[in-house]
Amino acid sequence: MTVATNQALETIYGEVKRHEACLAKVERSAFRVERDIFGSLLAESRAIGHDLENVMIERNMSPDQIDIPSANQTVTPHSLIDQRNKIRDSYAAAIADFTTQSSV
């Protein structure tokens, strides 16, 4: 992740934090299996967010000033999958952007 541009980091961080907020809404399910699955995904998202915060701090960026996309929609399995796909695509774009601009 140290190769991503600051703009790419901001985008990925915003998407991860939005996903984290949505997972936090559904993590308190009445069903144990759902709580376990969503809790595990939430922990994973928080760990990714924490790692991104550390990278941004190393670059003298302030995670507190990053715009987090709105999470006002109803949380559904489809919306969670879409969010995870956006995160994956943002990572891929950051890597592709770096490799096309570098001499690697």
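Residues numbered from 1 in each chain as written. Predicted model: local features only at pLDDT ≥ 70, side-chain atom pairs only at ≥ 80, totals over all residues. Heavy atoms only, no water.

## A look at the side chain of glutamine 83
And then number 1: Inspection of the secondary structure assignment puts glutamine 83 in helix α3 (residues 77–101).
And then number 2: Beyond its immediate sequence surroundings of up to four residues, glutamine 83 is in contact with Arg18, His19, Cys22 and Gln73. (Helix = DSSP H or I, 4+ residues; strand = E, 2+ residues; numbered from the N terminus. Contact = heavy atoms within 4.5 Å.)

## Focus: helix α2 (residues 32–58)
And then number 1: Between its terminal C-alpha atoms α2 stretches 39 Å, which fits the 39 Å expected from 27 residues at 1.5 Å a residue.
And then number 2: Buried within α2 we find Phe38, Leu42, Ser45, Gly49, Leu52, Val55 and Met56.
And then number 3: Asparagine 60 sits one or two residues past α2 and shows a positive phi near 60°. (Expected span 1.5 Å × (residues − 1). Buried < 20%, exposed > 50% of the residue type's maximum accessible area, 1.4 Å probe, protein only.)

## Some remarks on the nonpolar core
A general trend in soluble globular proteins is that nonpolar side chains are found buried together.
And then number 1: If you look at the biggest cluster of nonpolar residues, it comprises 12 residues: Ala8, Leu9, Ile12, Tyr13, Val16, Leu52, Val55, Met56, Met61, Ile66, Ile87 and Ala94.
And then number 2: Mapped by element, the contributors of at least two residues to this core are α1 (6–26), α2 and α3.
And then number 3: Per element, the largest residue contribution to this core is five residues, and it comes from α1.
And then number 4: Grouped together as the second largest cluster of nonpolar side chains are nine residues, Cys22, Ala24, Val26 and Ala71 included. (Core = buried A, V, L, I, M, F, W, Y, C linked by side-chain atoms within 4.5 Å.)

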